[in-house]
Amino acid sequence: MKITKICCIGAGYVGGPTMAVIAQKCPHIQVTVVDLNEERIAAWNDKDVNNIPIYEPGLAEVVADARGRNLFFSTDVDKAIAEAQVIFISVNTPTKTYGKGKGMAADLKFIELCARQIARVSKEDKIVVEKSTLPVRTAEAIKSILDHTGNGVQFQILSNPEFLAEGTAVTDLLNPDRILIGGDASDEGQKAIQSLVEVYGNWVSKDKILTTNVWSSELSKLTANAFLAQRISSINAMSELCEKTGADVNEVAKAIGMDSRIGAKFLKASVGFGGSCFQKDILNLVYIAKSYGLNEVADYWEQVIIMNDYQKRRFSNKIVQTLYNTVSGKKITFLGWAFKKDTNDTRESAAIYVADDLINEQAQIAVFDPKVSQKKVLADLNYLETRSSDKNEDSVTSFEDPYQACKGAHAIAILTEWDAFTEYNWQKIYDSMQKPAFLFDGRNILNAQELRAIGFVYQAIGS
Ligand code: NAD
Ligand code: UDX
């Protein structure tokens, strides 16, 4: 089947950029991205393309290119489903916050709602694509809902997980390491796979498009995230040993990364990984393993999360200890709040947890992040429900100017590796701070020697 109409349910960090790139690269395909969130859709449609709801380098340009031509954003979910031959489900699959599997399993209620809506609205055969990250065997549940429409419509379900990383979404989508498409072994299943292969074939070379069975595809996504996160927890574990022994974790990472069997990427020690995916997907993997009685497998992967939580707490403890065991009433400035550079996403950012610990110690937190608003910072802290929102508001202030944020501070903590931080006038910042001026580099981005020469008490991770 030649695809000419695509619908994507979910206009978030995955649905928005992914569909924008498909639309740009496939001018012959009409791509409609739908969402229940009216504010989000309005922002995607904002006349000024710089106001789209997601900040990603290069994204505004791609959207400007295709929007209104063959890329549309809408809240009319029924209409888009009815018209499309292919429906991507790209809704959120957060960790469950209630009931069985609370705190571990993926909450699939949004996925099920989509499946039921597709079943209700569809009058012609369709391909349904799992773009969201899902527990292995979710396609079975989706199929069972779709097969009971009673109106004879046939559905093929494909798994096509997304591997983009935030901050580099556009380049990742334009030049993916691979595209993974899982489908049924039947003739219809193989035809559906081919239809999707052709869509990606418009800009991705065929040798990078991998086709598998559905379960391998679903499980590969969880596995990839678990392996990536495991590397970070592994290097973070070594960072503490480095601090005790005089080794330097950057040097260790370089030394092991040059071994081609290990590879150099994802070995950057940090204050701990954040983002909406790693923790959620590993917890989900742990839950699945436990549900099959595979306790050793579950424990093995859970350790990645335990190590990450420890690394975040270790960072806040170090700040308190270094500041003479009290931060009560002290101004501590956070440079960065996003979970990594080049994104406005703050989900599961280490900054949130470090701030929460320090507020428990009665610190006054000043925040500067080039892409994150005060409203978001407060919402992130309130979400933890550690204390009242009034108390959070009293404890945290956001600044538009980094130099103002640092003025009068007892300590600065770097929580996000924004490039601009390395170009600041650190002498000027030092002059405006309380003395001794402490600097905790949670991302190892600054030059220790230069900062110490200025007079900072500078501490990095793992050295
Ligand atoms: P997101 O929260 O940014 O976006 C999801 C959107 O779906 C929201 O705007 C929400 O309003 C909408 N939605 C939910 N239910 C809906 C419904 N029934 N009808 C219409 N719209 C609905 O989430 P995201 O970061 O884009 O992640 C989506 C999925 O992709 C998740 O499963 C995630 O694990 C996976 N994923 C995310 C990333 C990433 O970097 N963020 C990368 C790869 C995979
Ligand atoms: C991740 C996966 O990389 C991506 O393939 C998947 O589709 C979604 O989840 P994302 O969470 O957007 O992407 O960003 P990523 O670059 O993986 O960073 C995740 C976290 O790990 C960030 O907080 C980052 O700062 C941290 N990190 C990353 C490190 O601390 N050290 C590293 O070496 C790499």
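Residue numbers here run from 1 along each chain, matching the order of that chain's written sequence. Labels follow written order: the first chain is A, the first ligand is 1, and so on. Residue-level local features of this predicted model are given only where pLDDT is at least 70; pairs of side-chain atoms are given and counted only at 80 or more, and the full residue set underlies all totals for whole chains, interfaces and linings. Hydrogens and waters are ignored; side-chain quantities use all the structure's heavy atoms.

- Under the annotation held in an unreviewed UniProt entry, the protein chain carries the name UDP-glucose 6-dehydrogenase and is attributed to Flavobacterium crassostreae.
- Database annotation for the protein chain, UniProt heading Catalytic activity (unreviewed entry): "UDP-alpha-D-glucose + 2 NAD(+) + H2O = UDP-alpha-D-glucuronate + 2 NADH + 3 H(+)".
- Among the UniProt annotations of the protein chain, the heading Pathway (unreviewed entry) holds the following wording: "Nucleotide-sugar biosynthesis; UDP-alpha-D-glucuronate biosynthesis; UDP-alpha-D-glucuronate from UDP-alpha-D-glucose: step 1/1." UniProt positions are given in the numbering used here, feature names are shortened, and annotations may be inferred rather than shown by experiment.

1. Focus: the site of ligand 2
- By nearness alone, 20 residues border ligand 2, and Leu164, Ser270, Phe339, Lys340 and Arg443 come closest of all.
- Contact distances for ligand 2 include 2.9 Å between a nitrogen atom and a backbone N or O atom of lysine 268.
- Lysine 340 is positioned with one of its side-chain polar atoms (N or O) 2.7 Å from an oxygen atom of ligand 2.
- In these tables, accessible area is a Shrake-Rupley quantity obtained with a 1.4 Å probe, and a residue counts as shielded only by the protein chains included in the view. Protein chains bury 91% of the 650 Å² of accessible surface belonging to ligand 2 in isolation.
- For the shell around ligand 2, the element with the most residues is helix H9 (residues 214-245), which contributes four residues.
- Under the convention adopted here, Pro, Cys and the residues Ala, Val, Leu, Ile, Met, Phe, Trp and Tyr are nonpolar, Asp, Glu, Lys and Arg are charged, and Gly plus all remaining residues are polar. The class makeup of the residues in the shell around ligand 2 is 11 nonpolar, three polar and six charged.
- Domain assignment of the residues forming the shell around ligand 2 places at least three in each of domain 1 (5-204) and domain 2 (278-460). A molecule or strand has a residue near it when one of that residue's heavy atoms lies within 4 Å. By the criterion applied in these results, polar contacts are pairs of N or O atoms within 3.5 Å in which, for protein atoms, one can donate a hydrogen and the other can accept it, and in which residues neighboring in sequence qualify only through two side-chain atoms. Under the scheme used here, helices are H or I runs from DSSP no shorter than 4 residues and strands are E runs no shorter than 2 residues, and both carry numbers assigned from the N terminus. An automatic or database domain assignment is the source of the domain bounds shown.

2. Notes on the site of ligand 1
- Surrounding ligand 1, one finds 25 residues, the nearest of these being Asp35, Arg40, Thr93, Glu166 and Lys280.
- Leucine 36 places a polar main-chain atom, nitrogen or oxygen, 3.5 Å from a nitrogen atom of ligand 1.
- Contact with the protein chains removes 93% of the 840 Å² of surface that ligand 1 exposes when unbound.
- Partitioned by chemical class, the residues of the shell around ligand 1 number nine nonpolar, nine polar and seven charged.

3. Some thoughts on H9
- Expected helix span is taken as 1.5 Å per residue step, with the number of steps being one fewer than the number of residues. With 32 residues, H9 extends 47 Å from end C-alpha to end C-alpha; this agrees with the ideal 46 Å at 1.5 Å per step.
- The N-cap of H9, judged by a side-chain oxygen 2.9 Å from the amide nitrogen of tryptophan 215 a few residues on, is asparagine 213.

4. A closer look at the side chain of threonine 343
- Structurally, threonine 343 can be placed in the loop between strand E9 (331-335) and helix H13 (350-360).
- Assessed through its relative accessible area of 0%, threonine 343 is described here as buried.
- Engagement of the side chain of threonine 343 in a polar contact is seen with the backbone nitrogen of aspartate 345, the distance being 3.0 Å.
- Residue contacts are defined here by distance: any two heavy atoms, one from each residue, within 4.5 Å place the two residues in contact. Excluding its chain neighbours within four sequence positions, the residues that come into contact with threonine 343 are Tyr13, Tyr55, Glu166, Gly167, Ala338, Lys371 and Trp418. Working definition: with a 1.4 Å probe on protein chains only, accessible area under 20% of the residue-type maximum means buried, over 50% means exposed, and in between means partly exposed.

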